[in-house]
Amino acid sequence: MIPPACPTPLQVAAARGQLASTLVRMCGIVGYVGPQQAGDVVMEGLRRLEYRGYDSAGVAIVADGELHQRKKAGKLANLSAELSSAPLPASTIGMGHTRWATHGKPNDRNAHPHTSHTGHVAVVHNGIIENFAGLRDELESRGVEMSSDTDTEVVAHLVDESYERVPADHPTRLREAVRRVCNLLEGAFTLVITHAAEPDTIIGARRNSPLVAGVGDGEYFLGSDVAAFIAQTREAIELGQDQICELHRERGITVTTFDGGAVEPVHYTIDWDDAAAEKGGYDWFMLKEIAEQPAVVADTIRGRLTDTGGIALDEVRLSDQDFRDITKIFIIACGTSSYAGMIAKYAIEHWTRIPCEVELASEFRYRDPVLDRSTLVIAISQSGETMDTLMALRHAKSQHAKILGICNTVGSTIPRESDAVLYTRAGVEIAVASTKAFLAQIVACYLIALHLASVRGVKWGDEVAAIVDQIRSMPDAVERVLDTMEPVRTLARTELADVQQMLFLGRHVGYPIALEGALKLKELAYLHAEGFAAGELKHGPIALVSEGTPVVVVCPSPLGRDSLHSKVVSNIQEVRARGARTIVIAEEGDELVTPYADHVIRVPRCPVLLAPLVTAVPLQVLACEIAAAKGLDVDQPRNLAKSVTVE
Ligand code: F6R
């Protein structure tokens, strides 16, 4: 095996034997300076970022020349309770953190913020300081005592020391102190730092880990993503790689590089609705996000078809000729996004005749894929920050492939590093399990496939327009599915809430939907659930079927391609003959499956390649309802986080 182009932070850490004691995290980070009660603003930001991690949470503020902090293991509710019993003093500057731990115990001691030994500096951190062991040894040799197992703590001590070395009359003393420390650090990190002697300044810094700034009226925000401050302001600033951002009550926001060079900040307007970060009357964000899908599908198509039948990409650094020169496509993504990629493969190969492979981003670069200038790599990511996808993208770039990002988060790293971008317009997705972003990704993939077909002259403009018209009818179709979900809810609550395992079968585009149905159930209801290509069943998995095993089958249209429908009906009979309880997702009017189905879930008739937009929905509802019936936290399943910024 050829080694990857560059070792990952984890590989480097592992090679240095540091991993055992290193805490790796992806986490949510908030910073604030302004006239409001900082503790309240920070807690509100953390509430909106909790989907990024919920193993522990903490907040720190500066008041009367002193740092005050509270931190607690477990969900944010624990920290809220702590704050109720021990409120923080009034303050106009604050920071907070909600953590997702991959190594080390998520206890109070390891929760952020971390403070320096003098108690002057507080730091919250997302990422991994690869060279922390050496830095810690140096600090300890100078007599500094560590009070946590984290790599983050070294940053607090180093900034404290560095601050003392910067002349007291330096106009931007804290920023300068942080800048010097950033140049000592290796690895991936987002840092937010404050000093007890600087009640008007908060500093953010980023390398390989996300951070955005928000600009309000005389107040400024930092967040791992815009959800942290969306309720406060729509004006945001993108922060680039190796940049430091100073938020000062009077001076506003100043951005510099780690070398101290001035950076002209890039402002943009957040077009997400604040209401998107509220449950809006639903019990769970996931239910709300499932219900938003018709609008999301419509939004993702809106205004994107050009007069010539092409697709208007949001950011294009690729010419039509580049698209014509493509000889091969790779789609790289993780989890649910990879299933959108699998669906895209069917559409791309059928509509464009370009060979297309779908690869899990975490595997891609380790098998030395064959890439060159004529390869298009499509990176699909809701968050735009998934480290596996980002590292795969960078590998593809190093091999001179062209990169097209399909992403939901404007200004995130994956679109910034792509040659062209199509944004999915799903709006903020809060529930950890992806639903509406998945449907938007599928639509975006269709648009890209049609763009390629059009630019390369494989399809005429009117053929492309005809398919786009079919896609335009899909929001109504999704709406109709949503209107008929009551029997699915009942089934979930009455018959399926107590089952131990569930199987999902599908063929063609129904196969990735089966995988997605199983993934939703695993992550939400903690059930053993497996998705299979229905044809593979007889090659082994059918042994899992016993009396009463629920098997969900995604049945294609009887009007669809070749004999797929009859093949799937045979598969249903095979599992039924072995005692399975069959739950069949079938098109309206398809009576051929009825005799073999214990339960039929009807979806509207639609073109074969577009069917995933309707067949995915009942599976989302099923998983959500089973989890709710089991009394589980639907929005924040155990062990998971929304944005996976570690490999
Ligand atoms: C499952 C889910 C995950 C994500 C995966 C990739 O419900 O949400 O499997 O799809 O972690 O995340 P993004 O799309 O942000 O790259």
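Conventions we followed
Residues numbered from 1 in each chain as written. Predicted model: local features only at pLDDT ≥ 70, side-chain atom pairs only at ≥ 80, totals over all residues. Heavy atoms only, no water. Core = buried A, V, L, I, M, F, W, Y, C linked by side-chain atoms within 4.5 Å. Buried < 20%, exposed > 50% of the residue type's maximum accessible area, 1.4 Å probe, protein only. Helix = DSSP H or I, 4+ residues; strand = E, 2+ residues; numbered from the N terminus. Contact = heavy atoms within 4.5 Å. Salt bridge = Lys/Arg side-chain N within 4 Å of Asp/Glu carboxyl O. Pairing = 2+ DSSP bridges. Near = heavy atom within 4 Å. Polar contact = N/O pair within 3.5 Å; in protein donor to acceptor, adjacent residues only side chain to side chain. Areas by Shrake-Rupley, 256 points an atom, 1.4 Å probe, with all protein chains shown as cover. Nonpolar A, V, L, I, M, F, W, Y, C, P; charged D, E, K, R; others polar. Domains from an automatic or database assignment. Phe/Tyr/Trp six-rings, centres within 6.5 Å; stacked < 30°, edge-to-face > 60°. Axes fitted to C-alpha atoms, helices over the stretch in contact; angles between N-to-C directions. pLDDT = per-residue confidence, 0-100. Disulfide = S-S within 2.5 Å.

A. Inspection of the nonpolar core at higher detail. Judged by nonpolar contacts, the single largest core of 128 residues is most densely connected at Ile329 and Ile378. If you tally residues by element for this core, the top one is helix H14 (residues 436-455), at 13 residues. Each residue touching Ile378, except ones within four places of it in the same chain, is listed here: Ile329, Phe330, Ile331, Ile332, Ile348, Leu404, Ile406 and Ile448. By size, the runner-up hydrophobic cluster in this structure holds 27 residues, among which are Val123, Ile129, Tyr163 and Leu191.

B. Spatial organisation of the pattern of salt bridges. Overall, the coordinates contain 32 salt bridges when judged by the stated rule. Between Glu292 and Lys436 there is a salt bridge; the shortest N-O distance is 2.6 Å. On the criterion of sequence distance, the pair formed by Glu292 in the loop between helix H7 (285-291) and helix H8 (293-301) and Lys436 in helix H14 is long-range, its members being 144 residues apart. Judged by relative accessible area, Lys436 falls into the buried class, the value being 1%. Where Glu588 meets Arg480, a salt bridge forms, and the shortest distance between an N and an O atom there is 2.7 Å. You can see Glu588 sitting in the loop between strand E25 (581-587) and strand E26 (599-603) and its partner Arg480 sitting in helix H16 (residues 474-483), a full 108 residues away along the chain. Taking relative accessible area as the criterion, Glu588 reaches 33% and is therefore assigned partly exposed. A relative accessible area of 42% means that Arg480 is categorised as partly exposed. Residues joined by salt bridges that share partners form a network here, namely Lys328, Glu357, Glu359 and Arg367.

C. Focus on the sheet that holds strand E12 (residues 243-248). If you walk across this open sheet you meet the 7 strands as E5-E6-E7-E8-E12-E13-E14, and the pairing is antiparallel. Of all the strands in the sheet, the pair left with one neighbour each is strand E5 (114-115) and strand E14 (262-263). Inspection of the sheet shows strand E8 (residues 201-207) paired to E12 by 6 bridges, in the antiparallel sense. Within the sheet, the bridge partner assigned to Ala205 lies in E12 and is Ile244.

D. Quick peek at the site of the ligand. Residues in contact with the ligand amount to 14 residues; listed here are only the nearest, Ser337, Ser381, Gln382, Thr386 and Glu523. For the ligand, an oxygen atom lies 2.4 Å from a polar atom in the side chain of Thr386. A distance of 2.5 Å is found between an oxygen atom of the ligand and a side-chain nitrogen or oxygen belonging to Glu523. Burial of the ligand by the protein chains amounts to 89% of its free accessible area of 410 Å². Looking at the shell around the ligand, the elements that each hand over two or more residues are helix H10 (335-352) and helix H18 (510-525). Of the residues assigned to the shell around the ligand, the class counts are 4 nonpolar, 8 polar and 2 charged. The residues that make up the shell around the ligand include at least three from each of domain 2 (290-472) and domain 3 (480-629).

E. Here's a closer look at the packing of aromatic side chains. Taken as a whole and judged by the stated rule, the model has 5 aromatic pairs. For the pair Tyr32 and Phe221, a centre-to-centre distance of 5.2 Å together with 45° between the ring planes defines the contact as tilted. Placement of Tyr32 in strand E1 (residues 28-33) and of Phe221 in strand E10 (residues 220-223) is noted, with a sequence separation of 189 residues between them. Each of the two residues, Tyr32 as well as Phe221, counts as buried. Grouped by ring-pair contacts, the aromatic residues Tyr32, Phe221 and Phe229 constitute a single cluster.

F. View of the environment of His125. Structurally, the position occupied by His125 is in strand E6 (residues 121-129). Look at His125 and you get buried, because its relative accessible area is 0%. The spacing of His125 and Thr582 is 457 residues in sequence and 48 Å in space, taken between C-alpha atoms.

G. Looking closely at the side chain of Arg175. Residue position: Arg175 is located in helix H6 (residues 173-182). Residue class for Arg175 comes out buried when judged on its relative accessible area of 15%. Not counting chain neighbours up to four residues away, the residues in contact with Arg175 comprise Ile203, Ile244, Glu246, Thr254 and Thr256.

H. Structural detail: the sheet that holds strand E9 (residues 212-215). The strand order E3-E2-E4-E1-E10-E9-E11-E15 describes an open sheet built from 8 strands, whose pairing is antiparallel. Pairing within the sheet leaves two strands with one partner each, and these edge strands are strand E3 (66-73) and strand E15 (266-269). The mean angle between the axes of side-by-side strands here comes to 20°, regardless of whether they run parallel or antiparallel. Bridge analysis of E9 against strand E11 (residues 235-238) gives 3 bridges, and the strand direction is antiparallel. From the neighbouring strand, Val212 faces E11, where its bridge partner is Glu238. Against the sheet, helix H2 (residues 38-49) engages E1, strand E2 (56-63), strand E4 (93-99) and E10, with an angle of about 155° to E1.

I. Representation of the confidence of the model for the chain within the structure. In the predicted model, the chain carries a mean pLDDT of 90, and 93% of its residues have values of at least 70. In the predicted structure, residues 1-25 sits below a pLDDT of 50 and forms 72 contacts with residues beyond four places in sequence or in another chain.

J. Expanded view of the domain arrangement of the chain. Here the chain is partitioned into domain 1 (9-282), domain 2 (290-472) and domain 3 (480-629). Relative to domain 3, the C-alpha centre of domain 1 lies at a distance of 45 Å.

K. Representation of the environment of Arg489. Along the chain, Arg489 turns up in helix H17 (residues 486-496). Here Arg489 falls in the partly exposed class, since its relative accessible area comes to 24%. The spacing of Arg489 and Thr306 is 183 residues in sequence and 41 Å in space, taken between C-alpha atoms. When near neighbours in sequence (up to four residues on either side) are disregarded, Arg489 contacts Val621 and Glu625. Of the polar contacts made by the side chain of Arg489, one reaches the side chain of Glu625; its length is 3.3 Å.

L. Region of the structure containing the state of the cysteines. Under the definition given, this model contains 0 disulfides. Here Cys27 stays free of any disulfide, with the sulfur of Cys182 as its closest cysteine sulfur at 17 Å. Owing to a relative accessible area of 0%, Cys27 belongs among the buried residues under this scheme. In this structure Cys606 is not part of a disulfide, and its nearest cysteine sulfur, from Cys555, lies 13 Å away.

M. The pairing of E2, seen in detail. Most of E2 sits inside the fold, with 8 of its 8 residues counted as buried. Looking at chain direction, E2 and E3 are connected through 8 bridges and run antiparallel. Within E3, the position partnered with Ala57 by the bridge is Lys72. Where E2 hands over to E3, the hairpin turn is made up of 2 residues, of which Asp64 adopts a positive phi near 50°. As paired elements, E2 and E4 share 6 bridges and run antiparallel to each other. What sits directly across from Ser56, in E4, is Arg99.

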